[in-house]
Amino acid sequence: MRPSPTIVLLLLLPLAACAQQTPAPTQSWTRHQIDHAGAGADGVRAADVNGDGLPDLVVGWEQSGETTLYLSQKNPEEAPRWQRVIAGATPDVEDALLTDVDGDGAFDIVSATEGKTRKVFVLWGPSDKIDYADTSKWTSDVLYADGSQWMFSIALDVDDNDRPDLIIGGKNRDAKVGWLEAPEAPRRLDDWTFHPITSAGWVMSLLVEDMNADGEPDLLLSDRRGEQAGVRWLEHPGRASPDLRKPWANHVIGAAGREVMFITAADLDGDGVKEIIVPHFLEDDWKLSLFKHETGEQWTEHPIDYPASAGRPKSVAVGDIDLDGRLDLVLATGQAHDKRRGIVWLRYAGSPFDPNWDVHDISGPEGNKFDLSLLIDLDHDGDLDVINTEENDNAAGGNPGLGVIWYENPTR
(Lines give C-alpha, C1' and ligand atoms only; values in the text may rest on other atoms or scores of the structure.)
Protein backbone atom coordinates (compact mmCIF):
# COMPACT_ATOMS: atom_id res chain seq x y z
CA MET A 1 0.00 0.00 0.00
CA ARG A 2 1.10 3.59 -0.59
CA PRO A 3 1.63 5.76 2.49
CA SER A 4 -0.36 8.72 1.24
CA PRO A 5 -3.44 9.29 -0.96
CA THR A 6 -2.92 9.11 -4.69
CA ILE A 7 -5.86 10.82 -6.32
CA VAL A 8 -6.01 12.21 -9.83
CA LEU A 9 -9.08 13.93 -11.27
CA LEU A 10 -9.53 13.06 -14.93
CA LEU A 11 -11.62 15.23 -17.24
CA LEU A 12 -12.50 13.38 -20.40
CA LEU A 13 -11.87 15.28 -23.59
CA PRO A 14 -12.97 13.90 -26.98
CA LEU A 15 -10.26 12.79 -29.34
CA ALA A 16 -10.57 13.38 -33.06
CA ALA A 17 -12.43 10.65 -34.89
CA CYS A 18 -10.21 8.67 -37.20
CA ALA A 19 -10.56 9.73 -40.83
CA GLN A 20 -8.14 7.19 -42.29
CA GLN A 21 -9.52 4.94 -45.02
CA THR A 22 -9.84 1.41 -43.65
CA PRO A 23 -11.68 -1.83 -44.46
CA ALA A 24 -14.42 -0.95 -41.98
CA PRO A 25 -17.73 0.19 -43.55
CA THR A 26 -18.50 3.10 -41.22
CA GLN A 27 -16.82 5.95 -39.36
CA SER A 28 -15.42 5.29 -35.90
CA TRP A 29 -16.89 6.77 -32.72
CA THR A 30 -15.27 9.56 -30.72
CA ARG A 31 -12.86 8.07 -28.19
CA HIS A 32 -12.42 9.44 -24.66
CA GLN A 33 -9.50 8.45 -22.46
CA ILE A 34 -10.26 7.83 -18.81
CA ASP A 35 -6.74 6.85 -17.75
CA HIS A 36 -3.47 5.72 -19.30
CA ALA A 37 -1.11 6.37 -16.39
CA GLY A 38 -0.24 2.70 -15.88
CA ALA A 39 0.70 -0.30 -18.02
CA GLY A 40 -1.38 -3.32 -18.91
CA ALA A 41 -4.97 -2.21 -18.30
CA ASP A 42 -6.65 -5.62 -18.23
CA GLY A 43 -10.42 -5.47 -18.11
CA VAL A 44 -12.96 -3.12 -16.56
CA ARG A 45 -16.04 -3.72 -14.41
CA ALA A 46 -18.59 -1.34 -12.97
CA ALA A 47 -20.76 -0.81 -9.90
CA ASP A 48 -22.28 2.19 -8.15
CA VAL A 49 -20.13 2.01 -5.04
CA ASN A 50 -21.21 5.26 -3.39
CA GLY A 51 -24.91 5.19 -4.28
CA ASP A 52 -24.95 8.37 -6.36
CA GLY A 53 -26.56 6.71 -9.39
CA LEU A 54 -23.40 6.89 -11.52
CA PRO A 55 -21.19 4.00 -12.62
CA ASP A 56 -17.88 3.66 -10.82
CA LEU A 57 -15.21 1.50 -12.45
CA VAL A 58 -12.45 -0.86 -11.35
CA VAL A 59 -9.45 -1.90 -13.46
CA GLY A 60 -6.51 -4.18 -12.79
CA TRP A 61 -3.27 -2.88 -14.29
CA GLU A 62 -1.33 -6.09 -14.86
CA GLN A 63 2.15 -4.74 -15.61
CA SER A 64 1.88 -1.86 -13.13
CA GLY A 65 0.72 -4.34 -10.50
CA GLU A 66 -2.09 -2.16 -9.16
CA THR A 67 -5.85 -2.30 -8.87
CA THR A 68 -7.41 1.09 -9.49
CA LEU A 69 -10.85 2.43 -8.63
CA TYR A 70 -12.46 5.20 -10.70
CA LEU A 71 -15.12 7.17 -8.87
CA SER A 72 -17.68 8.91 -11.08
CA GLN A 73 -18.09 12.60 -10.39
CA LYS A 74 -21.70 13.68 -10.03
CA ASN A 75 -22.40 16.28 -12.66
CA PRO A 76 -24.43 14.66 -15.47
CA GLU A 77 -24.67 18.00 -17.32
CA GLU A 78 -20.92 17.87 -18.05
CA ALA A 79 -18.69 15.33 -19.78
CA PRO A 80 -18.21 12.21 -17.64
CA ARG A 81 -15.18 12.33 -15.37
CA TRP A 82 -13.70 10.18 -12.64
CA GLN A 83 -11.40 10.31 -9.63
CA ARG A 84 -8.54 7.81 -9.92
CA VAL A 85 -7.79 5.97 -6.68
CA ILE A 86 -5.15 3.25 -6.37
CA ALA A 87 -6.87 0.79 -4.06
CA GLY A 88 -3.93 -1.57 -3.62
CA ALA A 89 -0.82 -3.28 -4.94
CA THR A 90 -1.77 -6.47 -6.81
CA PRO A 91 1.14 -7.81 -8.89
CA ASP A 92 0.10 -9.82 -11.99
CA VAL A 93 -3.54 -8.79 -11.58
CA GLU A 94 -5.80 -10.30 -14.22
CA ASP A 95 -9.27 -9.39 -12.97
CA ALA A 96 -10.89 -7.07 -10.45
CA LEU A 97 -14.41 -7.27 -9.03
CA LEU A 98 -16.38 -4.72 -7.00
CA THR A 99 -18.41 -6.47 -4.30
CA ASP A 100 -19.14 -6.30 -0.56
CA VAL A 101 -16.97 -9.14 0.74
CA ASP A 102 -17.63 -8.77 4.47
CA GLY A 103 -21.26 -7.65 4.32
CA ASP A 104 -20.67 -4.33 6.06
CA GLY A 105 -22.48 -2.30 3.40
CA ALA A 106 -19.29 -0.91 1.85
CA PHE A 107 -17.82 -2.08 -1.45
CA ASP A 108 -14.55 -3.99 -1.45
CA ILE A 109 -12.48 -5.23 -4.40
CA VAL A 110 -11.51 -8.81 -5.18
CA SER A 111 -8.40 -9.00 -7.38
CA ALA A 112 -7.45 -12.28 -9.04
CA THR A 113 -3.80 -12.64 -10.03
CA GLU A 114 -1.79 -15.01 -12.20
CA GLY A 115 1.92 -14.94 -13.21
CA LYS A 116 4.18 -15.54 -10.25
CA THR A 117 1.84 -13.97 -7.69
CA ARG A 118 -1.05 -16.49 -7.92
CA LYS A 119 -3.24 -15.10 -5.18
CA VAL A 120 -6.77 -13.82 -4.71
CA PHE A 121 -6.55 -10.48 -2.91
CA VAL A 122 -9.28 -8.64 -1.09
CA LEU A 123 -8.91 -4.87 -0.95
CA TRP A 124 -11.04 -3.69 1.94
CA GLY A 125 -12.97 -0.53 1.18
CA PRO A 126 -13.36 2.07 3.94
CA SER A 127 -16.64 1.82 5.86
CA ASP A 128 -17.49 5.48 5.21
CA LYS A 129 -18.25 6.20 1.54
CA ILE A 130 -16.66 9.64 1.80
CA ASP A 131 -13.30 7.90 2.32
CA TYR A 132 -13.38 5.82 -0.87
CA ALA A 133 -11.21 8.41 -2.62
CA ASP A 134 -8.51 8.20 0.06
CA THR A 135 -5.92 5.58 -0.90
CA SER A 136 -4.63 5.43 2.67
CA LYS A 137 -8.03 4.18 3.91
CA TRP A 138 -7.87 1.05 1.71
CA THR A 139 -6.18 -2.05 3.16
CA SER A 140 -5.37 -5.37 1.52
CA ASP A 141 -5.16 -9.03 2.49
CA VAL A 142 -4.61 -12.33 0.71
CA LEU A 143 -8.01 -14.00 0.67
CA TYR A 144 -6.90 -17.27 -0.94
CA ALA A 145 -3.79 -18.84 -2.45
CA ASP A 146 -3.11 -22.47 -3.33
CA GLY A 147 -0.44 -21.99 -6.01
CA SER A 148 -2.97 -21.71 -8.86
CA GLN A 149 -3.17 -18.86 -11.35
CA TRP A 150 -6.51 -17.06 -10.96
CA MET A 151 -8.23 -15.39 -13.90
CA PHE A 152 -11.79 -14.37 -13.03
CA SER A 153 -14.17 -14.00 -10.09
CA ILE A 154 -17.85 -13.34 -9.45
CA ALA A 155 -19.91 -12.94 -6.29
CA LEU A 156 -22.74 -15.37 -5.52
CA ASP A 157 -24.50 -16.50 -2.36
CA VAL A 158 -24.05 -20.18 -3.24
CA ASP A 159 -25.50 -21.70 -0.06
CA ASP A 160 -28.30 -19.16 0.51
CA ASN A 161 -27.19 -18.05 3.97
CA ASP A 162 -27.17 -14.32 3.19
CA ARG A 163 -23.37 -14.17 3.12
CA PRO A 164 -21.62 -13.32 -0.18
CA ASP A 165 -19.51 -16.24 -1.41
CA LEU A 166 -17.07 -15.96 -4.32
CA ILE A 167 -16.71 -18.08 -7.47
CA ILE A 168 -13.16 -18.12 -8.87
CA GLY A 169 -11.68 -19.69 -12.00
CA GLY A 170 -8.08 -20.37 -12.95
CA LYS A 171 -5.82 -21.45 -15.81
CA ASN A 172 -3.01 -23.82 -16.76
CA ARG A 173 -1.67 -26.54 -14.47
CA ASP A 174 -4.20 -27.90 -11.95
CA ALA A 175 -6.67 -25.16 -12.94
CA LYS A 176 -10.14 -25.35 -11.52
CA VAL A 177 -13.39 -23.50 -10.89
CA GLY A 178 -14.64 -23.43 -7.34
CA TRP A 179 -16.39 -21.40 -4.72
CA LEU A 180 -14.96 -19.73 -1.66
CA GLU A 181 -17.44 -20.21 1.15
CA ALA A 182 -17.75 -17.12 3.29
CA PRO A 183 -17.54 -17.76 7.04
CA GLU A 184 -19.78 -16.18 9.63
CA ALA A 185 -17.04 -13.61 10.23
CA PRO A 186 -15.71 -12.85 6.71
CA ARG A 187 -12.77 -10.82 8.03
CA ARG A 188 -11.37 -14.02 9.55
CA LEU A 189 -9.64 -15.02 6.34
CA ASP A 190 -8.44 -18.41 7.57
CA ASP A 191 -12.08 -19.46 7.94
CA TRP A 192 -12.87 -19.16 4.22
CA THR A 193 -13.19 -22.62 2.60
CA PHE A 194 -12.55 -23.40 -1.05
CA HIS A 195 -14.75 -26.02 -2.73
CA PRO A 196 -13.61 -27.09 -6.23
CA ILE A 197 -16.55 -27.84 -8.53
CA THR A 198 -14.84 -28.61 -11.85
CA SER A 199 -11.41 -28.89 -13.42
CA ALA A 200 -10.54 -26.34 -16.10
CA GLY A 201 -7.91 -25.34 -18.64
CA TRP A 202 -8.15 -21.54 -18.90
CA VAL A 203 -11.31 -19.93 -17.60
CA MET A 204 -12.41 -16.80 -19.46
CA SER A 205 -16.06 -16.20 -18.48
CA LEU A 206 -18.07 -17.01 -15.38
CA LEU A 207 -21.74 -16.02 -15.56
CA VAL A 208 -24.63 -16.75 -13.22
CA GLU A 209 -27.60 -18.11 -15.18
CA ASP A 210 -30.48 -20.41 -14.24
CA MET A 211 -29.82 -22.74 -17.16
CA ASN A 212 -32.48 -25.38 -16.36
CA ALA A 213 -35.17 -23.08 -14.93
CA ASP A 214 -35.17 -24.80 -11.52
CA GLY A 215 -34.71 -21.59 -9.56
CA GLU A 216 -31.09 -22.31 -8.66
CA PRO A 217 -28.15 -20.17 -9.85
CA ASP A 218 -26.10 -22.28 -12.28
CA LEU A 219 -22.71 -21.26 -13.68
CA LEU A 220 -22.18 -20.63 -17.38
CA LEU A 221 -18.52 -20.66 -18.33
CA SER A 222 -16.15 -20.47 -21.26
CA ASP A 223 -13.01 -22.58 -20.97
CA ARG A 224 -10.31 -21.64 -23.44
CA ARG A 225 -7.88 -24.56 -23.21
CA GLY A 226 -7.57 -28.16 -22.11
CA GLU A 227 -9.66 -31.29 -22.37
CA GLN A 228 -12.92 -29.43 -21.70
CA ALA A 229 -12.27 -26.43 -23.94
CA GLY A 230 -15.54 -24.92 -25.11
CA VAL A 231 -18.73 -23.53 -23.59
CA ARG A 232 -20.45 -25.46 -20.80
CA TRP A 233 -22.53 -24.96 -17.72
CA LEU A 234 -22.29 -26.31 -14.19
CA GLU A 235 -25.53 -27.32 -12.52
CA HIS A 236 -26.12 -25.95 -9.04
CA PRO A 237 -27.11 -29.02 -6.94
CA GLY A 238 -29.53 -27.07 -4.76
CA ARG A 239 -28.89 -24.93 -1.71
CA ALA A 240 -29.78 -27.77 0.70
CA SER A 241 -28.15 -30.56 -1.33
CA PRO A 242 -25.39 -32.66 0.29
CA ASP A 243 -23.59 -32.37 -3.07
CA LEU A 244 -23.29 -28.58 -2.88
CA ARG A 245 -19.65 -28.79 -1.81
CA LYS A 246 -18.75 -31.53 -4.28
CA PRO A 247 -18.08 -31.27 -8.07
CA TRP A 248 -21.17 -30.01 -9.91
CA ALA A 249 -22.71 -31.76 -12.92
CA ASN A 250 -21.16 -30.56 -16.17
CA HIS A 251 -23.27 -29.86 -19.30
CA VAL A 252 -21.68 -29.18 -22.70
CA ILE A 253 -23.13 -26.44 -24.92
CA GLY A 254 -20.71 -26.21 -27.85
CA ALA A 255 -17.52 -24.88 -29.48
CA ALA A 256 -15.66 -27.95 -28.18
CA GLY A 257 -11.93 -27.80 -28.70
CA ARG A 258 -12.02 -24.12 -29.64
CA GLU A 259 -10.44 -21.17 -27.82
CA VAL A 260 -13.64 -19.61 -26.51
CA MET A 261 -13.28 -16.11 -25.15
CA PHE A 262 -15.58 -13.80 -23.14
CA ILE A 263 -19.15 -14.95 -23.82
CA THR A 264 -22.53 -13.55 -22.86
CA ALA A 265 -26.17 -14.64 -22.75
CA ALA A 266 -29.17 -12.71 -24.10
CA ASP A 267 -32.61 -13.36 -25.57
CA LEU A 268 -32.00 -12.12 -29.10
CA ASP A 269 -35.13 -13.55 -30.72
CA GLY A 270 -37.57 -12.59 -27.95
CA ASP A 271 -38.83 -16.10 -27.18
CA GLY A 272 -38.05 -15.87 -23.48
CA VAL A 273 -34.99 -18.14 -23.66
CA LYS A 274 -31.48 -16.72 -23.76
CA GLU A 275 -29.03 -17.57 -26.52
CA ILE A 276 -25.33 -17.89 -25.74
CA ILE A 277 -23.17 -15.58 -27.87
CA VAL A 278 -19.66 -16.95 -28.30
CA PRO A 279 -16.52 -15.40 -29.85
CA HIS A 280 -14.03 -18.20 -30.51
CA PHE A 281 -11.05 -19.15 -32.64
CA LEU A 282 -8.52 -21.83 -33.46
CA GLU A 283 -5.29 -20.39 -34.87
CA ASP A 284 -6.34 -18.19 -37.83
CA ASP A 285 -9.93 -19.48 -37.95
CA TRP A 286 -11.90 -16.69 -36.24
CA LYS A 287 -15.60 -17.15 -35.49
CA LEU A 288 -18.64 -15.65 -33.80
CA SER A 289 -21.57 -17.96 -33.02
CA LEU A 290 -24.99 -18.03 -31.41
CA PHE A 291 -25.95 -21.19 -29.54
CA LYS A 292 -29.70 -21.76 -29.21
CA HIS A 293 -31.14 -24.25 -26.75
CA GLU A 294 -33.47 -26.76 -28.39
CA THR A 295 -34.36 -29.44 -25.81
CA GLY A 296 -32.58 -31.33 -23.07
CA GLU A 297 -28.84 -31.28 -23.77
CA GLN A 298 -29.27 -30.22 -27.40
CA TRP A 299 -27.97 -26.86 -28.60
CA THR A 300 -27.83 -25.61 -32.18
CA GLU A 301 -24.96 -23.44 -33.36
CA HIS A 302 -25.80 -20.52 -35.66
CA PRO A 303 -22.58 -19.02 -37.07
CA ILE A 304 -22.38 -15.30 -37.81
CA ASP A 305 -20.13 -14.25 -40.69
CA TYR A 306 -16.98 -13.00 -39.01
CA PRO A 307 -16.22 -9.33 -39.85
CA ALA A 308 -13.28 -9.08 -42.24
CA SER A 309 -12.48 -5.67 -40.74
CA ALA A 310 -12.11 -6.94 -37.14
CA GLY A 311 -9.22 -8.41 -35.16
CA ARG A 312 -9.18 -11.78 -33.45
CA PRO A 313 -12.30 -12.35 -31.30
CA LYS A 314 -11.99 -11.45 -27.61
CA SER A 315 -15.38 -10.52 -26.11
CA VAL A 316 -18.98 -9.81 -26.99
CA ALA A 317 -21.59 -7.60 -25.32
CA VAL A 318 -25.29 -7.16 -26.13
CA GLY A 319 -27.39 -3.99 -26.28
CA ASP A 320 -29.61 -1.90 -28.55
CA ILE A 321 -26.89 0.29 -30.03
CA ASP A 322 -28.94 2.14 -32.65
CA LEU A 323 -32.20 2.34 -30.63
CA ASP A 324 -34.26 0.44 -33.20
CA GLY A 325 -35.75 -1.92 -30.61
CA ARG A 326 -33.52 -4.89 -31.53
CA LEU A 327 -30.49 -6.17 -29.68
CA ASP A 328 -27.12 -5.68 -31.36
CA LEU A 329 -23.69 -7.16 -30.66
CA VAL A 330 -20.52 -5.29 -29.69
CA LEU A 331 -17.47 -7.36 -30.62
CA ALA A 332 -14.13 -6.47 -29.03
CA THR A 333 -10.98 -8.08 -30.36
CA GLY A 334 -7.26 -8.64 -29.96
CA GLN A 335 -4.53 -8.76 -32.57
CA ALA A 336 -6.18 -5.84 -34.35
CA HIS A 337 -3.18 -5.24 -36.61
CA ASP A 338 -2.97 -3.92 -40.17
CA LYS A 339 -5.84 -1.43 -39.95
CA ARG A 340 -8.20 -3.99 -38.47
CA ARG A 341 -10.78 -2.66 -36.03
CA GLY A 342 -10.45 -3.50 -32.36
CA ILE A 343 -14.15 -2.91 -31.60
CA VAL A 344 -17.11 -3.10 -33.98
CA TRP A 345 -20.85 -3.47 -33.57
CA LEU A 346 -23.10 -5.81 -35.53
CA ARG A 347 -26.76 -5.43 -36.51
CA TYR A 348 -29.06 -8.08 -37.98
CA ALA A 349 -31.70 -7.25 -40.56
CA GLY A 350 -34.14 -10.17 -40.64
CA SER A 351 -33.40 -12.77 -37.98
CA PRO A 352 -30.58 -12.99 -35.45
CA PHE A 353 -29.95 -16.50 -36.73
CA ASP A 354 -29.10 -15.27 -40.24
CA PRO A 355 -25.33 -15.42 -40.75
CA ASN A 356 -25.03 -12.04 -42.46
CA TRP A 357 -25.03 -9.13 -39.97
CA ASP A 358 -24.20 -5.54 -40.89
CA VAL A 359 -20.86 -4.45 -39.43
CA HIS A 360 -20.19 -0.94 -38.11
CA ASP A 361 -16.95 0.54 -36.79
CA ILE A 362 -16.53 1.78 -33.23
CA SER A 363 -12.83 2.03 -32.36
CA GLY A 364 -11.15 2.94 -35.63
CA PRO A 365 -7.70 1.44 -36.29
CA GLU A 366 -6.05 2.56 -33.04
CA GLY A 367 -5.62 -0.09 -30.39
CA ASN A 368 -4.55 -3.70 -30.59
CA LYS A 369 -5.69 -5.75 -27.59
CA PHE A 370 -9.10 -4.95 -26.12
CA ASP A 371 -11.00 -6.78 -23.37
CA LEU A 372 -14.53 -6.88 -21.91
CA SER A 373 -16.96 -4.19 -23.10
CA LEU A 374 -19.38 -2.43 -20.78
CA LEU A 375 -22.42 -0.85 -22.44
CA ILE A 376 -23.53 2.13 -20.33
CA ASP A 377 -25.08 5.49 -21.20
CA LEU A 378 -22.24 7.55 -19.76
CA ASP A 379 -23.19 10.93 -21.22
CA HIS A 380 -26.91 10.66 -20.37
CA ASP A 381 -28.09 11.20 -23.94
CA GLY A 382 -30.22 8.06 -24.15
CA ASP A 383 -27.92 5.69 -26.08
CA LEU A 384 -25.36 3.11 -24.96
CA ASP A 385 -21.70 4.04 -24.96
CA VAL A 386 -18.87 1.49 -24.85
CA ILE A 387 -16.24 1.24 -22.07
CA ASN A 388 -13.20 -1.00 -22.52
CA THR A 389 -9.49 -1.32 -21.78
CA GLU A 390 -6.65 -1.66 -24.28
CA GLU A 391 -3.30 -3.01 -23.13
CA ASN A 392 -1.32 -3.22 -26.39
CA ASP A 393 -0.26 -6.83 -25.84
CA ASN A 394 1.00 -6.14 -22.31
CA ALA A 395 3.84 -4.00 -23.64
CA ALA A 396 6.14 -3.55 -20.65
CA GLY A 397 8.48 -0.61 -21.03
CA GLY A 398 7.07 0.20 -24.45
CA ASN A 399 3.72 1.50 -25.67
CA PRO A 400 1.38 1.01 -22.69
CA GLY A 401 -1.70 1.02 -24.91
CA LEU A 402 -4.76 3.25 -24.78
CA GLY A 403 -5.51 2.32 -21.16
CA VAL A 404 -9.07 2.79 -19.87
CA ILE A 405 -11.27 4.34 -22.55
CA TRP A 406 -14.85 4.89 -23.63
CA TYR A 407 -16.38 5.43 -27.03
CA GLU A 408 -19.26 7.88 -27.47
CA ASN A 409 -22.25 6.46 -29.30
CA PRO A 410 -23.23 8.92 -32.08
CA THR A 411 -26.86 7.70 -32.34
CA ARG A 412 -28.04 10.67 -30.27
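Summarised in this report is the structure supplied together with it. Predicted model, so just to flag it, every value in this text is computed and none were measured. Here the residue numbering is sequential within each chain, running from 1 through the sequence in written order. Totals for whole chains, interfaces and linings use all residues, but because this is a predicted model, local features are given only for residues with pLDDT of at least 70 and pairs of side-chain atoms are given and counted only at 80 or more. Derived side-chain values reflect all non-hydrogen atoms in the structure, with water molecules and hydrogen atoms excluded from consideration.

When DSSP finds at least two bridges between two strands, those strands are taken to pair. Only DSSP runs of H or I covering at least 4 residues are called helices, and only runs of E covering at least 2 are called strands; the numbering of each starts at the N terminus. Pairing within the open sheet is antiparallel, and its four strands lie in the order β24-β25-β26-β27. Each end of this open sheet is capped by a strand with a single partner; those strands are β24 (312-319) and β27 (358-361). Strand-to-strand twist of the sheet, defined as the mean angle between neighbouring strand axes without regard to direction, takes the value 30°. One ladder, built from seven bridges, connects β24 with strand β25 (residues 328-334); its direction is antiparallel. Within the sheet, the bridge partner assigned to P313 lies in β25 and is T333. Here an axis means a line fitted to C-alpha atoms, over the contact stretch when the element is a helix, while the angle between two N-to-C directions is reported on a 0 to 180 degree scale.

Buried Ala, Val, Leu, Ile, Met, Phe, Trp, Tyr and Cys residues form a nonpolar core when they are joined through side-chain atoms within 4.5 Å. The rule is simple: take the accessible area with a 1.4 Å probe, protein chains only, and divide by the maximum for that residue type; under 20% is buried, over 50% is exposed, in between is partly exposed. Membership of the largest hydrophobic core comes to 42 residues, with the highest contact counts inside it found for I167, V177 and L346. Put simply, the parts of the chain that give this core at least two residues each are β11 (149-156), β13 (176-181), β15 (203-209), β16 (218-223), β21 (275-282), β22 (285-295), β25 and β26 (343-347). In terms of residue count, the dominant contributor to this core is β11 (four residues). Among residues more than four places away in sequence, those in contact with V177 are I167, I168, G169, F194, P196, I197, T198, A200, V203, L206, L221 and L234. Among the nonpolar cores identified, the runner-up in size contains 17 residues, and A112, V122, L166 and F194 belong to it. Should any heavy atoms of two residues lie within 4.5 Å, those residues are counted as being in contact.

Taken together, the four strands give an open sheet; going across it, the order is β11-β12-β13-β14, and neighbouring strands pair in antiparallel fashion. Two strands lie at the open edges of the sheet, namely β11 and β14 (193-199), each paired on one side alone. The mean angle between the axes of side-by-side strands here comes to 25°, regardless of whether they run parallel or antiparallel. By the bridge criterion, seven bridges tie β11 to strand β12 (residues 165-171) in an arrangement that is antiparallel. Considered in β12, the bridge of W150 is made with G170.

Any functional reading would require information beyond the geometric quantities listed.
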